[in-house]
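Each chain, written out:
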Amino acid sequence: MTASRAPRPRATLRIHFHAAERSEELYGQLLAVLDSISSRVEPLPADWSAYVDLTGALTYWGRDVEGLVAVLRLRLLALHGVQCSAGAGPTRSIAAMAADVTPPGAATVVRDDPYEVVAFLRTKPASALPGIGPRTARTLARYGITSVGDIADTQLPTLQRILGASAARLAHDRAHNIDERPVVPGAAPRTVSASHRFDRDELDTERHHRAVLGLVQDLGGRLRAGREIAHALTLTVTYADRSQTARTRALAEPTAHTPALAATARALLTGLGLQRARVRALALRAERLRPAEDTVHQLTLDDRDTRLRRIEAALDQAATRYGTGVAGAASAFPRAR
């Protein structure tokens, strides 16, 4: 007779980096620390985090989850001075939920044990479950379903009548810790960024808009020079007290076209509502860059966009010959209202 071997405990880590100054170079260095522990690292640069599959690394390093996470946190702090918050669990969803309730400089570990998983899940509000947004949570609350435990106790057909088939299946599975999504290793998508620091803490929203649109022109020119397109923009505002707010928005289509970038950047800035804020600095980052030949441009019935692109190409040539900042496309910079 042969003895059956107990399955290895599953362990997925979601880790958030809390750095005072962010850069693409630093993010890559932090990922390298994670890669020194496990080869299965999935970067999430938009919010400075990553998933790490620790399942195989536990055996290799001869440590339990708590010990291995402690080693990671110590290396990040010792090598780069970066605090992190970490959540670990048997699935991606548990790891994400654990990370969300963990403050910087700490870790929350949910072991691959049915009782521990149930104890962690059932008391959480429904909105804590990945895939349940505020609107879905409000819909569930109208039926008295306010916690993850309530979702788990509700029959799937009932959930389907409330949420629809796909959303109900997702909520039902997550509430029962069913999540087969793997950690997908890969290099961090490339980004480019530009920043503007005001001479003094700036209250004037008109100056905020002009600064952001100047950053847009800078990024657009650099993207086109490198023959790249961006999928999203992230705007980071640094206030007088050095606190920061960051917002990310996907572009309607991947592009390096300045007017399209400007429209998204202005929407991000307007959405932050900085009318009474003392702003010290603004930074704009183009996310998830790809080669320009991958772009699919949506055709229009008028030639205005075509003319703008021709002007843009001429301005790029002028910038290459005479230096940046000598000219700009006024049509790309509508005044703030």
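Quick caveat, the model's predicted, so the values are computed rather than measured.

How each quantity is defined
- Residues numbered from 1 in each chain as written.
- Predicted model: local features only at pLDDT ≥ 70, side-chain atom pairs only at ≥ 80, totals over all residues.
- Heavy atoms only, no water.
- Axes fitted to C-alpha atoms, helices over the stretch in contact; angles between N-to-C directions.
- Helix = DSSP H or I, 4+ residues; strand = E, 2+ residues; numbered from the N terminus.
- Parallel < 35°, antiparallel > 145°, perpendicular 65-115°, else oblique.
- Left-handed = near helix turned anticlockwise from the far one by under 90°.
- Contact = heavy atoms within 4.5 Å.
- Nonpolar A, V, L, I, M, F, W, Y, C, P; charged D, E, K, R; others polar.
- Buried < 20%, exposed > 50% of the residue type's maximum accessible area, 1.4 Å probe, protein only.
- Arc of directions from axis to C-beta.
- Polar contact = N/O pair within 3.5 Å; in protein donor to acceptor, adjacent residues only side chain to side chain.

## Things to note about the packing of helix H6 (residues 134-141) against helix H8 (residues 156-163)
Then comes step 1: Between H6 and H8, the shortest axis-to-axis distance is 10 Å and the interhelical angle comes to 120 degrees. The orientation of H6 with respect to H8, classified from their angle, is oblique. Helix-helix and strand crossings are classified by hand; for H6 and H8 the assignment is right-handed. Contacts from Thr 136, Thr 139 and Leu 140 of H6 reach H8 at Leu 159, Ile 162 and Leu 163.
Then comes step 2: Residue composition of the contact of H6 with H8, grouped by class: 4 nonpolar, 2 polar and no charged.

## Here we look at H6
Then comes step 1: When we look at burial in H6, the residues that qualify are Ala 137, Thr 139 and Leu 140. For H6, the arc enclosing every buried residue in end-on projection is 160 degrees, short of the 170-degree limit, so these residues lie on one face. With respect to the buried face of H6, the exposed residues turned more than 90 degrees away are Pro 134, Arg 135 and Arg 138.
Then comes step 2: Of the surrounding elements, those touching the buried residues of H6 are helix H7 (148-153) and H8.

## Considerations on the side chain of Thr 245
Then comes step 1: Along the chain, Thr 245 turns up in strand E8 (residues 244-255).
Then comes step 2: On the accessibility criterion, Thr 245 (17% relative accessible area) is buried.
Then comes step 3: Only 3.1 Å separates the side chain of Thr 245 from the side chain of Tyr 239, close enough to count as a polar contact.
Then comes step 4: Apart from the residues within four sequence positions on either side, Thr 245 is in contact with Leu 235, Thr 236, Val 237, Tyr 239 and Leu 272.

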